[in-house]
Amino acid sequence: AFANKFWNAARFALGRCSEPAPVDTVADLDLVDRWMLSRVARARRLIDEAIGGYQFNACAEILYDLIWRDFCDWYLEAVKPTIAADRRQQQVLRSTLDAVARLLHPVCPFVTEALWPHLVVPETTGIPGLVLPPSDLAATAAWPVTDGLEDAAAEATFDRIKELVNAIRRARAEHDVPPRTPLTLSAGEAVRSLLAPAEAAVRSLCQ
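1. Quick notes on helix α2 (residues 31-52)
Along an α-helix, residues three or four positions apart point the same way, because every turn accommodates 3.6 residues.
Part 1: Helix length check: α2 (22 residues) gives 32 Å between terminal C-alpha atoms against 32 Å at 1.5 Å per residue, within 8%.
Part 2: Just past α2, the residue Tyr-54 takes up positive phi, approximately 60 degrees.

Written out as structure tokens, the structure reads:
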């Protein structure tokens, strides 16, 4: 199920990254993109620590959370309404997929190697701090370098947005409101301030 989910997520992502544009400054990216890059950087650091301590079960759990929950369930769903028109977001998605494939390869070698010719980012990632040296094979690809991409503030803000999304989903379920029925959100200033940097993502995640 995991391999199938990653395979389908990769196909979806690759179909929406036709015109990526370089990112000058990570701080100027949308919240959801900064959050995803931070999650990749954090996962890479934690995976390094797990491997260094021979905690291979922890390594697998970190990869599962990064790919199944962060990348597939949250990031891909959040960018659906904006990815087609946002070329910098396409760059983030494409480079994130490349980095994730490198991290996953030791655990899931056959799927990642089959996808590799389509995933590889030529010459440069176009994202400051993210280095993904070119390689003909996933098996010989260098580990991603993610200097300065961990962003605790972005992660904390997006965690609050996730709580809001889950609350709206629970409300739909409790009141038998179909997923695509439009809702009117009556919210105070605090909630509106939280929504401001990620309104399109929240609308998509809440359907």
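Still to come is the rest of the account.
2. As for the side chain of Thr-146
Part 1: Positionally, Thr-146 belongs in strand β2 (residues 145-146).
Part 2: A polar contact of 3.4 Å, which involves the side chain of Thr-146, links it to the side chain of Arg-44.

3. Some remarks on the pattern of salt bridges
One side chain can pair with another of opposite charge once the charged atoms of both are near each other.
Part 1: What the rule picks out here adds up to 14 salt bridges.
Part 2: Taking the shortest distance from any N to any O, the salt bridge between Glu-77 and Lys-80 comes out at 3.1 Å.
Part 3: Residue classification places Glu-77 among the partly exposed residues on the basis of a relative accessible area of 28%.
Part 4: Overlapping salt bridges bring together Arg-39, Arg-42, Arg-45, Glu-49, Asp-70, Glu-150 and Glu-155 as one network.

4. Side note on the packing of α2 against helix α6 (residues 152-174)
Part 1: Running from N to C, α2 and α6 point in directions that differ by 115 degrees, and their axes come no closer than 9 Å. Considered as vectors, α2 and α6 are oriented roughly perpendicular to each other. Between α2 and α6 the crossing geometry is left-handed. On α6, the residues that touch Leu-31, Val-32, Arg-34, Trp-35, Ser-38, Arg-39 and Arg-42 of α2 are Ala-154, Glu-155, Thr-157, Phe-158, Ile-161 and Lys-162.
Part 2: Looking at the contact of α2 with α6 residue by residue, the classes come out as six nonpolar, two polar and five charged.

Criteria and thresholds
Residues numbered from 1 in each chain as written. Predicted model: local features only at pLDDT ≥ 70, side-chain atom pairs only at ≥ 80, totals over all residues. Heavy atoms only, no water. Helix = DSSP H or I, 4+ residues; strand = E, 2+ residues; numbered from the N terminus. Expected span 1.5 Å × (residues − 1). Polar contact = N/O pair within 3.5 Å; in protein donor to acceptor, adjacent residues only side chain to side chain. Salt bridge = Lys/Arg side-chain N within 4 Å of Asp/Glu carboxyl O. Buried < 20%, exposed > 50% of the residue type's maximum accessible area, 1.4 Å probe, protein only. Axes fitted to C-alpha atoms, helices over the stretch in contact; angles between N-to-C directions. Parallel < 35°, antiparallel > 145°, perpendicular 65-115°, else oblique. Left-handed = near helix turned anticlockwise from the far one by under 90°. Contact = heavy atoms within 4.5 Å. Nonpolar A, V, L, I, M, F, W, Y, C, P; charged D, E, K, R; others polar.

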